[in-house]
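Read off the chains here:
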Amino acid sequence: QVQLVESGGGSVQAGGSLRLSCAASGRTFSSYVMGWFRQAPGKERMFVALASTHYAEYADSVKGRFTISRDNAKNTVYLQMNSLKPDDTAVYYCAADLSTIRTRGNEAAYWGQGTQVTVSS
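Structural notes, computed from the coordinates. Since we're looking at a predicted model, the values are computed, not measured. (Residues numbered from 1 in each chain as written. Predicted model: local features only at pLDDT ≥ 70, side-chain atom pairs only at ≥ 80, totals over all residues. Heavy atoms only, no water.)

1. Description of unusual backbone geometry
Then, number 1: The phi dihedral of Asn75 is positive, around 50 degrees, even though this residue is not glycine.
Then, number 2: By relative accessible area, Asn75 is classed as buried at 18%.
Then, number 3: Positive phi values are uncommon outside glycine, yet Ser83 reaches one of about 50 degrees.
Then, number 4: Looking at the secondary structure, you find Ser83 in the loop between strand 8 (76-81) and strand 9 (90-97). (Buried < 20%, exposed > 50% of the residue type's maximum accessible area, 1.4 Å probe, protein only. Helix = DSSP H or I, 4+ residues; strand = E, 2+ residues; numbered from the N terminus.)

Shown next as structure tokens:
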């Protein structure tokens, strides 16, 4: 079992920045693919970014603005969000799985509770 706890959400003006954190339990954190997803009101949960052992991937909507990173020593993954837009408003979830395919496909084995991000115009 892996427990994931997100933090760092809040309210920010358009053009501003936030950094989300996801603290994970477990002895094998470095073996897991870590992902970030978001769910806006009335919409399905959508892929935002993931970090595997050797690379990172991003949704087209956040490329150039968001950066995923991880600190394996601290069992923590981050999402640096810059140039935020009102369309970025959503609950953001972190996820973990041993499979890149499952993580990318919104089917990760482990999920955090979510943290709210609100971007005002």
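2. Section: the pairing of strand 5 (residues 46-51)
Then, number 1: Examined bridge by bridge, strand 4 (residues 33-39) and strand 5 share five bridges and lie antiparallel to one another. In the sheet register, Gly35 faces strand 5, and the bridge partner there is Leu50.
Then, number 2: Connecting strand 4 to the antiparallel partner strand 5 that follows it, the hairpin turn spans six residues, and Gly42 within it adopts a positive phi of roughly 75 degrees.
Then, number 3: Sheet topology note: the strand 5/strand 6 (residues 56-58) ladder contains three bridges and is antiparallel. (Pairing = 2+ DSSP bridges.)

3. Looking at the pattern of salt bridges
Then, number 1: Tallying each qualifying case throughout the model produces five salt bridges.
Then, number 2: A salt bridge links Glu57 to Arg104; its shortest N-O distance comes to 2.6 Å. Of this pair, Glu57 sits in strand 6 while Arg104 is found in helix 1 (residues 100-104), placing the two residues 47 residues apart along the sequence.
Then, number 3: Looking at Arg104, the relative accessible area reads 35%, which means it is partly exposed.
Then, number 4: Bridged by salt links that share partners, the residues Arg38, Arg65 and Asp88 form one connected network. (Salt bridge = Lys/Arg side-chain N within 4 Å of Asp/Glu carboxyl O.)

4. Overview of the side chain of Ser52
Then, number 1: By secondary structure assignment, the location of Ser52 is in the loop between strand 5 and strand 6.
Then, number 2: Residue contacts for Ser52: discarding those within four places in its chain leaves Val33, Arg70 and Thr100. (Contact = heavy atoms within 4.5 Å.)

5. What to know about the sheet that holds strand 1 (residues 4-7)
Note on sheets: strands pair through backbone hydrogen bonds, and any given pair is parallel or antiparallel.
Then, number 1: The strand order 1-3-8-7 describes an open sheet built from four strands, whose pairing is antiparallel. The sheet is open, and its two edges are formed by strand 1 and strand 7 (66-71), each paired on a single side. Strand-to-strand, the axes of this sheet are offset by a mean angle of 15 degrees, without reference to chain direction. (Axes fitted to C-alpha atoms, helices over the stretch in contact; angles between N-to-C directions.)

These figures come from the coordinates and say nothing about function on their own.
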